[in-house]
Amino acid sequence: MNGSAGTADIRVGGAFTPGLLNPDVGRRISLHGENPYVEFGFPEWRRWESLDDAPAIPDFSLHLSRTAICESHSRQDAFVGHLLDEAAARTTAPVSVGVHVTGDRAVGGGSFGLHSHFTGTEEEESRAVRFLTRLGRESGLPVWIENANCYSAGARGILDTWRCVSRICEATGTGLIVDLAHLYIDAVNCRVPEELLLGAVPWSEVAEVHLSGVRTGRDGTLHDGHSEAVHEGVWALLDTVVDQRLLPEGRPVQIVVEHADARWTDQQDLYYADFARAAAVAASASAPGSGTGGPHDYGAEHCRGYLRQLCRTWIPKLPEASEQRGLPYAVMFDEWVADVRARGKRIVLSLEEVPVSERDGVVVAKYDLLGFAKERLAAC
């Protein structure tokens, strides 16, 4: 799908799900689109290459949820070396590497084999910059980072983390993966309006947007749900992102539906429905004219009308005199504005606010309009 000026260039892809390689070809899930895009971890990469009857391997991003991004230099170097060893043993290559922004793997959720909370301390930020820089240099691939936090303590923590992520992107040139489900979950768990957090995201750095389901725990806490249909709250955020033209223009963006669970083999109608919905959103964002036009300077017309009213107050007899000569005040005001523009001047309210060196290029509204009106009405 090719973007045009003022539009986003979006491709829809998916996370790896076992159904993509189901031994029963009749029950195998199809890759989305004519130009498929998938996210693998290390095991999926190896498995896809090892199967003789697997579909042709598509464009894929190596997606790593658990890395040494905020750990010691020695552990970082060991992880990068591990990645390079794995890549050397493969016959295919990813188009990018995606990394969750997480804390130490030995604490919090990391101690259970998942991922730990990223606190965004100066030390974590410094280590993340080093790791990402080294990973990009050694792999030779674009590196993207993803917001992984779902259980922040409050709005301050969420916003501080996003500021930290922005600095990491700026320092490393790393692209950004915005997981809208993670953002939604973090916001709702902290009782923060979820759309408010869209303003904290550095959208100009975005390379990928993730969509997934949401689960509710027994205590009411929300959790990520890759076995669930994409949550309506996540769809609403995506609609806002597209409607407000937040996605960067002029370079590709991937929308990834993260249906990674094995259960999707038995719920393929729901699986394909979410991909179709994502594709429809992508098409609307990429349609010619969807993002055209410059900024809307609604304030200019308001200021024009307000100045017209100010001048009516400053020169109270002018509207009546103008009307008596058959020239509506509003028409005469517009003629004056056009005359000022033709003279190459700028309108000001007071000469005192203009440096002496600039005064030749301005007219004071009250006096210039009055002078213009005398000449104009004398000719009527």
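In short, a report on the structure. (Residues numbered from 1 in each chain as written. Predicted model: local features only at pLDDT ≥ 70, side-chain atom pairs only at ≥ 80, totals over all residues. Heavy atoms only, no water.)

Remarks on the overall build of the chain
Helix and strand content of the chain: 12 helices and 12 strands. By the compact-globule yardstick of 21 Å for 380 residues, the chain is too spread out, its C-alpha radius of gyration being 29 Å. Here the C-alpha coordinates of the chain stretch approximately 95 × 50 × 45 Å along the principal axes. For the chain, the residues scored as buried account for 45% of the 380 residues in total. A sequence separation of at least 24 residues applies to 71% of the contacts in the chain between residues at least 6 apart. Surface exposure of the chain reaches about 18700 Å², of which carbon and sulfur atoms provide 52%. Across the chain, the 36 positively charged side chains and the 53 negatively charged ones have centroids separated by 7 Å. (Helix = DSSP H or I, 4+ residues; strand = E, 2+ residues; numbered from the N terminus. Rg over C-alpha atoms; globule rule 2.2 N^0.38 Å. Buried < 20%, exposed > 50% of the residue type's maximum accessible area, 1.4 Å probe, protein only. Contact = heavy atoms within 4.5 Å. Areas by Shrake-Rupley, 256 points an atom, 1.4 Å probe, with all protein chains shown as cover. Lys, Arg positive; Asp, Glu negative; His and termini not counted. Charge placed at Lys NZ, Arg CZ, Asp CG, Glu CD.)

Examining the pairing of strand β9 (residues 222–225)
Direction of pairing for strand β8 (residues 213–216) relative to β9: antiparallel, over a ladder of four bridges. Bridged to Thr-216 within β9 is Leu-222. Following β8, the chain reverses through five residues before pairing antiparallel with β9; Gly-220 in that reversal takes a positive phi of roughly 90°. (Pairing = 2+ DSSP bridges.)

A word on the environment of His-82
Of note, His-82 is situated in helix α2 (residues 73–88). Spatially, the C-alpha atom of His-82 lies 16 Å from that of Ser-96, the residues being 14 residues apart in sequence.

Here we look at the pairing of strand β1 (residues 9–15)
Burial of β1 is extensive: six of the seven residues sit out of reach of the surface. Taken together, the six bridges between β1 and strand β10 (residues 252–257) define a ladder with parallel strand orientation. Pairing of Gly-13 across the sheet is with Val-256, part of β10.

Thoughts on helix α12 (residues 365–378)
Here α12 spans 20 Å end to end across 14 residues, near enough to the 20 Å set by a 1.5 Å rise per residue. Summarising the contacts, the buried residues of α12 are in contact with α9 (298–314), α10 (318–324), α11 (329–342), β11 (346–348) and β12 (362–364). (Expected span 1.5 Å × (residues − 1).)

Comments concerning the pattern of salt bridges
Within the structure shown, the criterion is met by 21 salt bridges. Among the salt bridges present, the one from Arg-163 reaches Asp-160, with a minimum N-O distance of 2.3 Å. Taken together, the positions of Arg-163 and Asp-160, both in helix α4 (residues 155–172) and three residues apart, correspond to about one turn of that helix. Judged by its relative accessible area of 44%, Arg-163 falls in the partly exposed class. Across the pair Arg-343 and Asp-339 runs a salt bridge whose closest N-O atoms are separated by 2.8 Å. (Salt bridge = Lys/Arg side-chain N within 4 Å of Asp/Glu carboxyl O.)

Observations regarding the nonpolar core
Judged by nonpolar contacts, the single largest core of 75 residues is most densely connected at Leu-176, Leu-180, Val-206, Val-209, Leu-211, Leu-238 and Ile-255. With residues up to four places along the chain from it excluded, the contact list for Val-209 reads Val-178, Leu-180, Leu-238, Leu-247, Val-253, Gln-254, Ile-255 and Val-256. (Core = buried A, V, L, I, M, F, W, Y, C linked by side-chain atoms within 4.5 Å.)

Structural measurements only, silent on function.
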